[in-house]
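Examination of the molecular architecture
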Amino acid sequence: MIKTDILVIGSGAAGLSFALKVAQNDSSLRVTVATKVDRSESNTKYAQGGIAVVVDESDSFESHVQDTLTAGAGICDESIVRMVVEEAPERLKELVEWGARFDITHAGELDLGKEGGHGKNRIVHHKDVTGLEIEQKLLIQIGETRNIRILDHHFAIDLITEHHLNMELVPDKRTCYGAYILDVKSGAIEPILSKITMLACGGLGQVYAHTTNPLVATGDGIAMAYRAQAKIWEIEYIQFHPTALYFPEESPSFLISEAVRGEGAYLITKSGERFMSKYDNRLELASRDIVAKAIDNELKISGDNCVYLDCKHLNIEDFKNHFPNIYEKCLSIGINIEVNEIPVVPAVHYSCGGVAVDSNGQTSITNLFSSGECSRTGLHGANRLASNSLLEALVYSNRSYLAAKQVLDKIEILESVPCWNEEGTITPRERVIISHNRKELQAIMSDYVGIVKSNDRLKRAHKRVYGLYQEVEELYEKSKVSVQLCELRNLITASHLIITQSLKQEKNQGVFYNSDLV
């Protein structure tokens, strides 16, 4: 049993920045970060575009606010949008103080990019690996902070609340006391008891067969919070990135940053025709939901496997400088952007909803905070504006730190909790049923709960996912815990939530589109 003042589950920008702030503010606090693989592996690492921040005199907070509200299709919380936008410059300044480097122009100014849905150039970036740059600098700071302990290869199984402690359950009143954590290498499961627990587990992209999300994005935080009866909101708003590299041999899909279209790349069909003028007067710089649906429609019309991104007219030296990772990736599979178009398709990219939190990142469960993609803050509404996600994580982790600081001294750590009970369980002789069910689940979600849905497809998905749920729960009850089994269980939970909330949706907006609601 481990006791700690702060338990952070996840090691992306949300979790690391929160841990760093808490630990640096009070060196007497014990801060523990549990991450299910290596500490550097997270959605943050793969974020190419950058951070949307108003820093140029020609820009304004109001412009950024309005762009976010427009992208969110009318269901953003405007007060939250204003809060995040206005706090952005301070969070950027903090990153720079922590050592993060961002591209600058020859004049020494920040080189601000432009992405779909933005009316101004306001994307602060580090070439096409902004997330990696932030992740690395945060880890360096973490390594220099003595009161932070990182537990690599430690998988969070469940949050500890009253239902584990034989306490009387009061409706809508739960408290988090920490989490049961699996040491992946030893197989041991022990509780980590904490005053404050921060969920920063990232997204759920692996619910789908085609996604830009890494293999770790299995909806763990959302599923754990749901089992603990936290409120989960707006999870039906699943954003598809319009331009993932079409390369079926590889999973997850490689992302072709929206900033490439911001630099002037054209979307074209196999026959070479530009088509975005049929869908939006902003052409390739329309918001992600519009571009993804446009590509999906073009592919349904043509029967082709992909459309293409034409970069041949761009300054190639500038392209290589701004997008070296993309340029080299394309070359590695035989695509020279000077003479070849890049084949692209939409792929699942981001969950706009998740664990419901207030303006300080506090969930509906006492002493449980959530930040990053596993959260529903009200910023994104029905569609996330490009490069608002890293910003959201940094702002909310800062606000969660400030809120936690106010209550830490008033919280007592539990003396003990029951050990994890594995009595009567066995280690499955074969794992093939787990991998098979994961692929089946991904196929169901991709075929029936994609960019364009229908009531019939959603009902079919609900029935088939429930069958998988029953099968996997039976296996879970009699098996010793493994990461693979827990991830499958979490993916099924996330799928159930997406489907059930989609069936309740009465209006098409943003990334949500049901053909029966037209």
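Let me sum up the structure you'll find in this document. (Residues numbered from 1 in each chain as written. Predicted model: local features only at pLDDT ≥ 70, side-chain atom pairs only at ≥ 80, totals over all residues. Heavy atoms only, no water.)

**A few points about the overall build of the chain**
When you go through the chain residue by residue, the secondary structure sums to 13 helices and 16 strands. Taken against the 2.2 N^0.38 rule, which gives 24 Å for 518 residues, the C-alpha radius of gyration of the chain at 22 Å falls within 12% of a compact globule. For the chain, the C-alpha atoms occupy an extent of roughly 65 × 50 × 40 Å along the three principal directions. Relative to its 518 residues, the chain shows a buried fraction of 61%. Summed over its atoms, the accessible surface of the chain is roughly 21,100 Å², and 48% of this surface lies on carbon and sulfur atoms. Positive and negative charge centroids in the chain, built from 54 and 70 side chains respectively, lie 3 Å apart. (Helix = DSSP H or I, 4+ residues; strand = E, 2+ residues; numbered from the N terminus. Rg over C-alpha atoms; globule rule 2.2 N^0.38 Å. Buried < 20%, exposed > 50% of the residue type's maximum accessible area, 1.4 Å probe, protein only. Areas by Shrake-Rupley, 256 points an atom, 1.4 Å probe, with all protein chains shown as cover. Lys, Arg positive; Asp, Glu negative; His and termini not counted. Charge placed at Lys NZ, Arg CZ, Asp CG, Glu CD.)

**A few points about the sheet that holds strand S9 (residues 232-233)**
Within a sheet, adjacent strands bond to each other through the backbone by hydrogen bonds, running parallel or antiparallel. With mixed pairing, three strands are arranged side by side in an open sheet as S9-S14-S16. One side of each edge strand has no neighbouring strand; the edge strands of this open sheet are S9 and strand S16 (375-376). When strand S14 (residues 354-356) meets S16, the two strands line up parallel, connected through two bridges. Counterpart to Val355 in the pairing with S16 is Ser375. Its contacts with the sheet put helix H5 (residues 220-227) on S9 and S14, and the angle it makes with S14 is roughly 45°. (Pairing = 2+ DSSP bridges. Contact = heavy atoms within 4.5 Å. Axes fitted to C-alpha atoms, helices over the stretch in contact; angles between N-to-C directions.)

**Things to note about the layout of surface pockets**
By volume, the second largest pocket is sized at about 720 Å³. In terms of lining residues, the second largest pocket is bounded by 28 residues, among which His210, Asp296, Val345, Pro346 and Ser446 are the most central. Looking at the lining of the second largest pocket, the elements with two or more residues in it are strand S10 (238-245), helix H7 (288-302), strand S13 (342-351) and helix H11 (432-448). Counting residues per element, the lining of the second largest pocket draws most heavily on S13, at four residues. Considered class by class, the residues forming the lining of the second largest pocket number 15 nonpolar, seven polar and six charged. (1 Å grid on protein atoms, 1.4 Å probe; cavity = no way out; pocket = protein on both sides within 12 Å on 5 of 7 lines; lining within 4 Å. Points joined across faces, edges and corners; volume = space filled by probe spheres on them. Nonpolar A, V, L, I, M, F, W, Y, C, P; charged D, E, K, R; others polar.)

**What about the environment of Leu475?**
With respect to the helices, strands and loops of the structure, Leu475 is situated in helix H12 (residues 455-478). Using a relative accessible area of 13% as the deciding quantity, one classes Leu475 as buried. Counting along the chain gives 42 residues from Leu475 to Ile433, while the straight-line C-alpha distance between them is 9.6 Å. Sequence-distant contacts of Leu475, that is, excluding residues within four places in its chain, are made with Ile433, Ile434 and Leu485.

**Description of H12**
Compared with an ideal rise of 1.5 Å per residue, which puts 24 residues at 34 Å, H12 spans 35 Å between its outermost C-alpha atoms and is within 8% of the ideal. Close packing links the buried residues of H12 with strand S6 (154-159), H11 and helix H13 (483-504). (Expected span 1.5 Å × (residues − 1).)

**Considerations on the packing of aromatic side chains**
The final tally for this structure, using the stated rule, is five aromatic pairs. With a centroid separation of 5.1 Å and 65° between ring planes, the pair formed by Tyr180 and Trp420 is classed as edge-to-face. Here Tyr180 is found in strand S7 (residues 178-183), whereas its partner Trp420 is found in the loop between helix H10 (389-407) and H11, with 240 residues between them in sequence. Centroid distance Tyr208 to Phe240: 5.9 Å. Interplanar angle 75°. Geometry classified as edge-to-face. Of the two residues, Tyr208 is situated in the loop between strand S8 (189-199) and H5 and Phe240 in strand S10; the sequence distance between them amounts to 32 residues. Both residues of the pair, Tyr208 and Phe240, count as buried. Arg384 extends its terminal NZ or CZ atom over the ring of Tyr350, reaching a point 4.2 Å from the ring centre. (Phe/Tyr/Trp six-rings, centres within 6.5 Å; stacked < 30°, edge-to-face > 60°. Lys NZ or Arg CZ within 6 Å of the ring centre and 35° of its normal.)

**Examining the state of the cysteines**
Applying the stated criterion to the full structure yields zero disulfides. Summary of cysteine pairing: Cys306 is not part of a disulfide, and the nearest cysteine sulfur, belonging to Cys330, is at 12 Å. Of the cysteine sulfurs around Cys311, a residue in no disulfide, the closest is that of Cys330, at 7.7 Å. Here Cys311 falls in the buried class, since its relative accessible area comes to 0%. (Disulfide = S-S within 2.5 Å.)

**A short note on the side chain of Gln206**
The residue Gln206 is located in the loop between S8 and H5 in this model. Not counting chain neighbours up to four residues away, the residues in contact with Gln206 comprise Thr211, Asn213, Pro214, Leu215, Ala217, Thr218, Pro252, Arg438, Gln442 and Leu491.

**Quick look at the sheet that holds S10**
With respect to topology, four strands assemble into an open sheet ordered S10-S13-S12-S11, the strand pairing being antiparallel. Pairing within the sheet leaves two strands with one partner each, and these edge strands are S10 and strand S11 (266-268). In this sheet, adjacent strand axes meet at a mean angle of 45° when their direction is disregarded. Where S10 meets S13, six bridges bridge the pair, whose relative direction is antiparallel. Along S13, the bridge assignment pairs Gln239 with Tyr350. Running over the sheet, H7 touches S10, S11, strand S12 (307-310) and S13 and is turned about 60° from S10.

**Quick look at a nonpolar patch on the surface**
Residues Val55, Ile104 and Leu110 make up a contiguous nonpolar surface patch of roughly 230 Å² in combined accessible area. The topology assignment puts Ile104 in the loop between helix H3 (78-97) and strand S4 (123-124). (Patch = residues over 30% accessible without salt bridge, like charges linked within 9 Å, V, L, I, M, F, W, Y side chains within 5 Å. Salt bridge = Lys/Arg side-chain N within 4 Å of Asp/Glu carboxyl O.)

**What to know about H3**
Between its first and last C-alpha, H3 extends 30 Å over 20 residues, near the 28 Å set by a 1.5 Å rise per residue. At Ala88, H3 shows its largest kink, close to 40°, and the proline Pro89 lies no more than four residues downstream. Residues of H3 that are buried: Ile80, Val81, Met83, Val84, Val85, Glu87, Ala88, Arg91, Leu92, Glu94 and Leu95. Taken together, the buried residues of H3 touch helix H1 (13-25), strand S3 (51-52), helix H2 (61-71), S4, helix H4 (130-143) and H10. (Bend = angle between axes of the 7 residues up to and from the residue.)

**Points about unusual backbone geometry**
Omega for the peptide link from Ser251 to Pro252 comes to 0°, which places this bond in the cis form. Considering the arrangement of structural elements, one finds Pro252 in the loop between S10 and helix H6 (258-262). A positive phi angle, close to 70°, is found at Asn367, a residue other than glycine. Within the fold, Asn367 resides in the loop between S14 and strand S15 (368-370). Residue class for Asn367 comes out buried when judged on its relative accessible area of 13%.

**Structural notes on the packing of H11 against H12**
Two numbers describe how H11 lies on H12: the axes approach to 10 Å, and their chain directions differ by 165°. With respect to each other, H11 and H12 are oriented roughly antiparallel. Classified by chirality, the crossing of H12 by H11 is left-handed. Here Ile433, Ile434, Asn437, Glu440, Leu441, Ile444, Asp447 and Tyr448 of H11 come into contact with H12, specifically with Arg457, Leu458, Arg460, Ala461, Arg464, Val465, Leu468, Glu471, Val472 and Leu475. For the contact of H11 with H12, the class distribution of residues is eleven nonpolar, one polar and six charged. (Parallel < 35°, antiparallel > 145°, perpendicular 65-115°, else oblique. Left-handed = near helix turned anticlockwise from the far one by under 90°.)

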